[in-house]
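Topology and contacts: notes
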Amino acid sequence: MRRVNPAVGAAAALVAVFLVAPTLVVIPLSFTEYSVLNWPPHGFSLKWYDEVLTDPTWRSATMTSLKVGAGAALAATVLGTGIALGLSRGRFRGKNVATIAILSPMIVPVVITAVANYFVFVKWGLTGTAAGLIAAHTVLGLPFVVVSVSNSLSRFDRNQENAAYSLGASPLFAFFTVTLPQLLPGVLSGALFAFITSWDEAIISQFLSSPQVRTLPSLIFSQISSGVDPSVAAAASILLAVTAALLASASIIGAVSRRKRSS
Amino acid sequence: MSSQMAPSPGAAVRFRGVRSRWGALALPGAAALAVFFVVPLAYMLVRSLSDPSPRNYVEVITSSIYLKSYATTLLVAVWTVVVCLVLGYPYAYVMARSSRPISMILGFCVLMPFWMSILVRTYAWTVWLQDNGLINTFLLRLGLIREPMALMGNALGTTVGMAQVLLPFMVLSLVTAMKRIDPALELASRSLGVGPVRTFLRVFLPLSGPGVFAGGLIVFVTALGFYLTPAILGDPTKPLISQLIVERVNTLLDFGGGGALGIILLVLTLVILLIGARFVDLKEIVGLRGES
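Bear in mind the structure is a predicted one, so any value in this text is a computation, not a measurement.

Counting its secondary structure elements, chain A contains twelve helices and zero strands. Mapped from its N terminus to its C terminus, chain A presents α and β elements in the order α-α-α-α-α-α-α-α-α-α-α-α. Counting only C-alpha atoms and orienting by the principal axes, one finds that chain A spans roughly 70 × 60 × 30 Å. Here chain A holds 263 residues, and 54% of them are scored as buried. Long-range pairs, those at least 24 residues apart, make up 70% of the contacts in chain A with a sequence separation of at least 6. In chain A, 17 side chains carry a positive charge and 9 a negative one; their mean positions are 19 Å apart.

So, in structure tokens, the structure goes:
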């Protein structure tokens, strides 16, 4: 490999700082003692975390987010795995069009999806309900599952299934004992990304939430407009921490499955 | 390697019943997509044409408020692409051309924010950019400025915030293209006595073109529909189209007008993507069958 020019390397390092560092400021901010923004942060206090974890509004938003995220991840994983299998193995016309259609929630601006969902969910009585949030977030998470499972499928050798059939396994038995275990890394990371998508989503949530049922990002969003309060920083830090933990799990799943493949 | 390897003829006959049923597995997901995604969009289209009439579109296309907003939106999107390209190009170059540990660290720095809440990242920018934020406080203390500079509440804040959120898309597109460039080509150029700068300009830069195009396309299109960042960091008196859509629907309860604005933005997005897809593979952008 050629060596990279040091000036270009330094530029890349600065861009890396620009990518990561600005966001991390919410963490020290969440531990300050005073409610006014001060730098460097004065004192150390956990009171903002205490507020976020005990205040009923914050608490219920956190619970709603967890519930909606879990529901959407589960639905997106089941439906998305089915789509990935159908797309790769089914024989029907217009597969390319179908693929684009299924990935379209990634392409359509979320603000448009949010408005469109709001229009019909008002009619269907789904606004301000966890079910409505789950339905909308499921659609948003679906493409991530489809991509992730499809990539796993493209590495799977179909002849293993044929071997199982030839040994007398039923299609279902072969699927659950031969195919699914090997797709599992793709399925699990798809599930994690679907959860993260829901967990971080603020715009659809803003439209579909009610004062009773509202997600954490939706609450953070409305609090931001009322000024910088460290309890928002604490909530934001919690949001980041959960995402980071899930990303770490996803990369562990990836690493383990790569090791299994190579051994 | 291929999973689609055809089984032996006998097997194909024996298992035809099994094979043909796989397509049905996609149906529940497709149904969910239809009910919760396609139907809402179709309903939005209907509302935009019938609530009260197709005149919604005339209003939205001719009124100066909206025309200004389209112009602002396009301008911000162009600036975002420019900033992403300037920051992303050297970054992607180093990522594609350095040894494994360094390129892994850079990959981490680009993928981490990719998955981090846009809301939190935008909120974090307010801590830096507001009048009593970190940057202004620092500069005031150093005596470099006398009064706080307006770093947010304007196009600057929006562009900085959007560029940071969208930079990973640009970097990933560029890296994919740059990794395909054979380093031997540059060596060949150098061995023929061409200097490093000219080698870069004549060999590397043109070959990285597809990545620049793909990254620029995806950043531009995504920027057009951005809502959170302009809503938090932008100028409230110069709203982007997405902000006007939300205002129409949420505050004014004007579903027809908001719907028309939304459909126009959607069509604009799709047309740009379709034109762009003639030159780049969109599947690659969303990560389907990319390298793993």
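Before going further, it helps to examine the interface of chain A and chain B. Counting residues at the interface gives 95 residues for chain A and 88 residues for chain B. Carbon and sulfur atoms make up 77% of the surface buried where chain A meets chain B, a total of about 8200 Å² over both sides. Scanning the region where chain A abuts chain B turns up zero salt bridges. For the pair chain A and chain B, the interface holds five residue pairs in polar contact (both at pLDDT 80 or more). Sort the elements by how many residues they give to the side of chain A that touches chain B and helix α6 (residues 110–124) of chain A lands first, with twelve residues.

So, on to the nonpolar core. Counting residues in hydrophobic clusters, the biggest one holds 153 residues, and the most contacted among them are I220(A) and Y91(B). Considering every element that reaches this core, the biggest residue donor is helix α5 (residues 64–97) of chain B, with 13 residues. Discounting residues that sit within four places of it in the chain, I220(A) has contacts with W58(A), V232(A), A235(A), A236(A), L239(A) and L119(B). Grouped together as the second largest cluster of nonpolar side chains are five residues, A214(B), L217(B), V221(B) and L273(B) included.

So, on to unusual backbone geometry. Residue and element names in this part refer to chain B. In this structure, P52 follows D51 across a cis peptide bond, with omega equal to 5°. Along the chain, P52 falls in the loop between α3 (27–50) and α4 (55–62). Despite not being glycine, L253 shows a phi value in the positive range, around 55°. Assignment of secondary structure puts L253 in the loop between α14 (241–251) and α15 (255–277). Among the residues examined, L253 registers a relative accessible area of 56% and is labelled exposed.

Let us now look at the UniProt feature "transmembrane region" (unreviewed entry) in chain A. Residue and element names in this part refer to chain A. Summarizing the sequence annotation, UniProt attributes the feature "transmembrane region" (unreviewed entry) to residues 7–31, 68–88, 100–120, 126–150, 162–184 and 232–256 in the numbering used throughout. The span residues 68–88 is 100% helical and 0% strand by assignment, and the distance between its end C-alpha atoms comes to 29 Å. Each end of residues 162–184 is marked by a C-alpha atom, and these two atoms are 19 Å apart; helix forms 83% of the span and strand 0%.

Glancing now at the packing of aromatic side chains. The tally for this structure, following the rule as stated, stands at 22 aromatic pairs over all chains. Ring pairing ties together the aromatic residues Y118(A), F119(A), F207(A), Y43(B) and F255(B), which thus form one cluster. One cation-aromatic arrangement involves R47(B) over F119(A); the distance from NZ or CZ to the ring centre is 6.0 Å.

Turning next to helix α11 (residues 216–224) of chain A. With seven of nine residues buried, α11(A) is to be regarded as a mostly interior element. For α11(A), the full list of buried residues reads L216(A), P217(A), S218(A), L219(A), I220(A), F221(A) and I224(A). Residues of α11(A) that are buried make contact with α4 (56–89), α9 (171–200), α10 (203–208) and α12 (230–262) of chain A together with α7 (118–129) and α13 (228–233) of chain B.

Turning our attention to the packing of α7(B) against helix α9 (residues 155–179) of chain B. All names here are of chain B. One way to put it is that α7 packs onto α9 with a least axis distance of 10 Å and a crossing angle of 140°. Here α7 lies oblique to α9, going by the angle between them. You can see that α7 and α9 cross each other, and the crossing is right-handed. Across from I118, R121, W125 and L129 in α7, the residues of α9 making contact are G157, V160, G161, Q164 and V165. Taken together, the residues that form the contact of α7 with α9 break down as five nonpolar, three polar and one charged.

The next thing to look at is the confidence of the model for chain B. The predicted coordinates of low-pLDDT regions are not to be read in fine detail. Scored by pLDDT, chain B comes out at a mean of 87, with 89% of its residues at no less than 70. Within the model, pLDDT remains below 50 along residues 1–19 of chain B, and this stretch shows 20 contacts once partners closer than five positions in the same chain are excluded.

With that out of the way, let us pick up the pattern of salt bridges. All names here are of chain B. The full count for this structure, using the stated rule, is five salt bridges over all chains. Taking the shortest distance from any N to any O, the salt bridge between R47 and D51 comes out at 3.2 Å. According to the relative accessible area criterion, D51 is partly exposed, its value standing at 26%. A salt bridge links E186 to R97, with the shortest nitrogen-to-oxygen separation between them at 2.5 Å. Highlighted residues: E186 in helix α10 (residues 183–191) and R97 in helix α5, separated in sequence by 89 residues.

Attention now moves to the environment of G256(B). Looking at the element boundaries, G256(B) is found in helix α15. Taking the C-alpha atoms as reference points, G256(B) and R278(B), separated by 22 residues in sequence, lie 33 Å from one another.

Let's shift gears to the environment of M44(B). Note on placement: M44(B) falls in helix α3. A residue is classified by how much of its surface remains accessible, and M44(B), at 0% relative accessible area, is buried. Residues M44(B) and G259(B) lie 215 residues apart in sequence; the distance between their C-alpha atoms is 5.4 Å. Among residues more than four places away in sequence, those in contact with M44(B) are I112(A), V115(A), A116(A), F119(A), G259(B), G262(B) and I263(B).

The rules we used
For every chain, the first residue of the written sequence is number 1, and numbering continues from 1 along that sequence. Labels are handed out in written order, letters beginning with A for the chains and numbers beginning with 1 for the ligands. Only residues with pLDDT of 70 or above have their local features reported here, since the model is predicted, and side-chain atom pairs are shown and tallied only from 80 upward, although totals for entire chains, interfaces and linings are computed over all residues. Only hydrogens and water are set aside; all other atoms, that is, all heavy atoms of the structure, feed into the side-chain values. Only runs of H or I of at least four residues qualify as helices and only runs of E of at least two qualify as strands under DSSP, and these elements are numbered from the N terminus. Relative accessibility decides the category of a residue: with a 1.4 Å probe and only protein chains considered, values under 20% of the type maximum give buried, values over 50% give exposed, and everything between is partly exposed. Contacts are assigned to residue pairs that have any heavy atoms within 4.5 Å of one another. We score Asp and Glu as negative and Lys and Arg as positive, and we do not count His or the chain ends. Taken as the charge centre is NZ of Lys, CZ of Arg, CG of Asp or CD of Glu, depending on the residue. Accessible area, probed at 1.4 Å, shrinks when two parts are joined; the buried area is that loss added up over both. Any carboxyl oxygen of Asp or Glu that lies within 4 Å of a side-chain nitrogen of Lys or Arg is treated as forming a salt bridge with it. Distance and chemistry together define a polar contact, namely a pair of N or O atoms within 3.5 Å, with one atom able to donate a hydrogen and the other to accept it when in protein, and with adjacent residues in sequence counting only for side-chain atoms on both sides. We call a set of buried Ala, Val, Leu, Ile, Met, Phe, Trp, Tyr and Cys residues a nonpolar core when their side-chain atoms join them within 4.5 Å. UniProt positions are given in the numbering used here, feature names are shortened, and annotations may be inferred rather than shown by experiment. Stacked, edge-to-face and tilted labels apply to pairs of Phe, Tyr and Trp rings (six-membered ring for Trp) whose centres lie within 6.5 Å, assigned for plane angles under 30 degrees, over 60, and everything in between, in that order. Only lysine NZ and arginine CZ atoms are considered, and such an atom sits over a ring when it is within 6 Å of the ring centre and within 35 degrees of the ring normal. For every element, the axis is a line fit to its C-alpha atoms; helices are fit only across the contacting stretch, and the angle between N-to-C directions ranges from 0 to 180 degrees. An angle counts as roughly parallel when it lies under 35 degrees, as roughly antiparallel when it exceeds 145, as roughly perpendicular when it falls between 65 and 115, and as oblique in every other case. Two helices cross in a left-handed way if the nearer one is turned anticlockwise from the farther one by less than a right angle. They cross in a right-handed way if the turn is clockwise. For this classification, Asp, Glu, Lys and Arg are treated as charged, while Ala, Val, Leu, Ile, Met, Phe, Trp, Tyr, Cys and Pro are nonpolar and the rest, including Gly, are polar. Each residue carries a pLDDT value, the predictor's own confidence for that position, ranging from 0 to 100.

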